[in-house]
Each structure stands twice: as C-alpha cells, then as structure tokens.
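# Coordinate inspection notes
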Amino acid sequence: MKIQNAQKEVDDWINEHGVRYFNELTNMAQLTEEVGEVARIIARRYGEQSEKESDKDKDLGEELADVLFVVLCLANQTGVDLQEAFDKRMYKKGKRDHDRHHNNEKLK
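The structure displayed is predicted, hence computed values, not measured ones.

By the definition in use, this model includes six salt bridges. Between Asp55 and Arg44 there is a salt bridge; the shortest N-O distance is 3.6 Å. One end of the pair, Asp55, is in the loop between α2 (24-45) and α3 (60-78); the other, Arg44, is in helix α2, with 11 residues separating them in the sequence. One exposure class covers both Asp55 and Arg44, and it is buried.

On to the packing of helix α1 (residues 3-18) against helix α4 (residues 82-96), then. At a minimum axis separation of 7 Å, α1 and α4 run at an interaxial angle of 150 degrees. Overall, the two elements α1 and α4 adopt an arrangement that is roughly antiparallel. The two elements α1 and α4 cross, and the hand of that crossing is right-handed. Residues Ile3, Gln4 and Gln7 of α1 form the contact with α4, whose own contacting residues are Leu82, Gln83 and Phe86.

Within the largest apolar cluster, seven residues are counted, these being Leu31, Val38, Ile41, Leu60, Val67, Val70 and Leu74. Of all the secondary-structure elements, those providing two or more residues to this core are α2 and α3. Per element, the largest residue contribution to this core is four residues, and it comes from α3. Those residues in contact with Leu31, other than ones at most four positions away along the chain, are Val67, Val70, Val71 and Leu74. Among the nonpolar cores identified, the runner-up in size contains six residues, and Ala6, Val10, Ile14 and Cys73 belong to it.

Let us look at the UniProt feature "domain: NTP pyrophosphohydrolase MazG-like" (unreviewed entry) in the chain. Under the local residue numbering, the UniProt record ascribes the feature "domain: NTP pyrophosphohydrolase MazG-like" (unreviewed entry) to residues 23-100. With 72% helix and 0% strand, the stretch residues 23-100 has end C-alpha atoms that lie 39 Å from each other.

Turning our eyes to something else, we now look at the packing of α2 against α3. When two helices pack together, their arrangement is given by the angle between the helix axes and the distance between those axes. Between α2 and α3, the least distance of the axes is 9 Å, while the angle of their chain directions is 160 degrees. Taken together, the axes of α2 and α3 are roughly antiparallel relative to one another. Relative to α3, the crossing made by α2 is left-handed. Taking contact as the criterion, the partners of Glu24, Asn27, Met28, Gln30, Leu31, Glu34, Val35, Glu37, Val38, Ile41, Ile42 and Arg45 in α2 are, on α3, Leu60, Glu63, Leu64, Asp66, Val67, Val70, Val71, Cys73, Leu74, Gln77 and Thr78. Residues that form the contact of α2 with α3 fall into these classes: 13 nonpolar, four polar and six charged.

Conventions and cut-offs
- Residues numbered from 1 in each chain as written.
- Predicted model: local features only at pLDDT ≥ 70, side-chain atom pairs only at ≥ 80, totals over all residues.
- Heavy atoms only, no water.
- Salt bridge = Lys/Arg side-chain N within 4 Å of Asp/Glu carboxyl O.
- Helix = DSSP H or I, 4+ residues; strand = E, 2+ residues; numbered from the N terminus.
- Buried < 20%, exposed > 50% of the residue type's maximum accessible area, 1.4 Å probe, protein only.
- Axes fitted to C-alpha atoms, helices over the stretch in contact; angles between N-to-C directions.
- Parallel < 35°, antiparallel > 145°, perpendicular 65-115°, else oblique.
- Left-handed = near helix turned anticlockwise from the far one by under 90°.
- Contact = heavy atoms within 4.5 Å.
- Core = buried A, V, L, I, M, F, W, Y, C linked by side-chain atoms within 4.5 Å.
- UniProt positions renumbered as here; feature names shortened; annotations may be inferred.
- Nonpolar A, V, L, I, M, F, W, Y, C, P; charged D, E, K, R; others polar.

Written as structure tokens, this is what we have:
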C-alpha cells in the first residue's frame, strides 16, 4: 500500500467513525503512549527484562500499527504528504549513507 493510500484510509476512518481528529498536541501525547507500548514489548521480549504474564499476549505488529495510525493522523492534520516526505528522505539517505554502514567497523 502506498503511504498516500494509508493517509486517505485513516482520514476516511476519522471522518466516518472518529467524529474529528484529536488536536495535534493530544495526538502527540498519544503517539508517545503508543511508542511506549512498543518499547515495553521490545524491552521485555528482546531485551534483558523478563516478560510479565500479562504482556505475553501483546502483539508487536498491532502496537507498531497503532504508532503508524497516529503518525498518519498527525501528517493528515498538519498537511504533510508523507509519501513525498518519505521518498525525499530515502533519496537523501541513499546519497548520504550509500557506503557509510559498509565502512562501519562496528557492524562487521
């Protein structure tokens, strides 16, 4: 799915089910909360902390999708074309970082 399509799908959902977008500050707080949920899963499942029984049924993919949903909301309500921004960023990273990681001794 193209990012533009995802932005439209989120906008359609908000207009049909969500009444309106939360304001930008509320969405930023929500994004922080969702990233925290991803961090909790990563820390306990892949890090050194033990996973609590109540966390074992948490789906990392669903939590990452929650992060993406809020990012798409923020892009929509601030007029950012994320497809364009992402394509531009990938182009810049491709030029700037083309050999950077291949030459990093820490990654060998």
